[in-house]
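Chains, contacts and geometry: an overview
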Amino acid sequence: MGLPRIILAMSLYASSLVVSPFALAQQTGEELLRSKACLGCHQVDAKRLGPSFTLVAQRYGAVDGGQDYLALVIRQGSRGRWGAVPMPAQPQVSEQDANAIAQWILTLVEPEGKQERQ
Ligand code: HEC
C-alpha cells in the first residue's frame, strides 16, 4: 500500500468516527419510527393525521417527566390533546422502544427551546 492510500484510509476512518455517533442516534429514532408504522400518521416537521414530532417536542420538552409521559402515550395512545382524532394504542411497541422513541422526539428541540413553556 502506497502512502496516499494509507492517508486516504486514515482520513476516511477519522471522518467516520466524527460523524457516526450523531448519525447513529438519528437513525435509531427514525428506524424505530419507520418500523413501527408511526410515519403513516406522523411526520417529523409537518402535521399529518397526528401532530408533527417537532411540535410534540416543543410541548413536552420543558415538562418534568415529559419523556416518561411520551413513552406511555406512544404505547397506550392519546386523545383530545391535539384535535378530534385520537391516536390508537400501539401495543406492538415495546416499553424499551417507546422510551427510545420518546427520547429521540425530545432531541428535536434545542435546549434553549425548552425554556418556552406552551
Ligand atoms: C393511526 C394514526 C397514528 C399512528 C399509527 C400513530 N399515531 Fe401518534 N398520534 C396520532 C394522533 C391522531 C395523535 C393526536 C392525539 C390527540 O389529540 O391526543 C397522536 C399523538 C401522538 C403523540 C402526542 C401524544 C400526546 O399526548 O400529546 C405522540 C408522542 C405520538 N403520537 C407518537 C406516535 C408514535 C411514536 C407512533 C408509532 C409507534 C405513533 N404515534 C403512531 C395518530 C397516530
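What counts, and at which threshold
- Residues numbered from 1 in each chain as written.
- Predicted model: local features only at pLDDT ≥ 70, side-chain atom pairs only at ≥ 80, totals over all residues.
- Helix = DSSP H or I, 4+ residues; strand = E, 2+ residues; numbered from the N terminus.
- Buried ≥ 20, exposed ≤ 12 C-beta atoms within 10 Å, placed from the backbone.
- Contact = placed C-beta atoms within 7 Å.
- Axes fitted to C-alpha atoms, helices over the stretch in contact; angles between N-to-C directions.
- Parallel < 35°, antiparallel > 145°, perpendicular 65-115°, else oblique.
- Left-handed = near helix turned anticlockwise from the far one by under 90°.
- Nonpolar A, V, L, I, M, F, W, Y, C, P; charged D, E, K, R; others polar.
- Near = placed C-beta within 6 Å.
- Core = buried A, V, L, I, M, F, W, Y, C linked by C-beta atoms within 7 Å.
- Arc of directions from axis to C-beta.
- pLDDT = per-residue confidence, 0-100.
- Expected span 1.5 Å × (residues − 1).

1. Focus on the overall build of the chain
Across its full length, the chain carries 4 helices and 0 strands. The order of α-helices and β-strands along the chain, N terminus first, is α-α-α-α. When burial is assessed residue by residue, the chain has 17% of its 118 residues classed as buried. The contacts in the chain between residues at least 6 apart in sequence include a share of 59% that link residues at least 24 apart.

2. Focus: the packing of helix H3 (residues 66-76) against helix H4 (residues 95-106)
One way to put it is that H3 packs onto H4 with a least axis distance of 8 Å and a crossing angle of 125 degrees. Taken as axis vectors, H3 and H4 run oblique relative to one another. In this structure, H3 meets H4 at a crossing whose hand is right-handed. From H3, Gly66, Gln67, Leu70, Ala71, Ile74 and Arg75 reach across to H4, where they touch Ala98, Asn99, Ile101, Ala102, Gln103, Ile105 and Leu106. Looking at the contact of H3 with H4, its residues break down into 8 nonpolar, 4 polar and 1 charged.

3. Regarding the site of the ligand
Close contacts around the ligand come from 26 residues, with Cys38, Cys41, Gly50, Arg81 and Met87 the closest. The class makeup of the residues in the shell around the ligand is 16 nonpolar, 7 polar and 3 charged.

4. Section: the nonpolar core
Of all hydrophobic cores here, the largest spans 16 residues; its most connected members are Ala57, Leu70, Ile74, Ala98, Ile101, Ala102 and Ile105. Sorting the residues of this core by element identifies helix H2 (53-60), H3 and H4 as the ones contributing at least two each.

5. Observations concerning H3
Among the residues of H3, Leu70, Ala71 and Ile74 are the ones counted as buried. Angular distribution of buried residues about the axis of H3 spans 100 degrees; they occupy a single face of the element. Its buried side turned inward, H3 meets H2 and H4. Residue Gly77 follows H3 closely and has a positive phi angle near 85 degrees.

6. Observations regarding the confidence of the model for the chain
Averaged over every residue, the pLDDT of the chain is 83; residues scoring 70 or more account for 74%. Mean pLDDT in the chain bottoms out at helix H1 (residues 3-35), which sits at 65, and peaks at H3, which reaches 97.

7. Examining the environment of Asp68
Checked against the element boundaries, Asp68 lands in helix H3. You can call Asp68 partly exposed: it has 13 C-beta atoms within 10 Å. The spatial distance from the C-alpha of Asp68 to the C-alpha of Asn99 is 7.2 Å, given a sequence separation of 31 residues.

8. With respect to H4
Residues that lie three or four places apart on an α-helix share one face, since the helix turns once every 3.6 residues. Between its terminal C-alpha atoms H4 stretches 17 Å, which fits the 16 Å expected from 12 residues at 1.5 Å a residue. Residues of H4 that are buried include every one of Ala98, Ile101, Ala102, Trp104 and Ile105, and no others. Projection of H4 onto a plane perpendicular to its axis shows the buried side chains occupying an angular sector of 165 degrees, all on one side. For H4, the exposed residues lying more than 90 degrees away from the buried face are Glu95 and Gln96.

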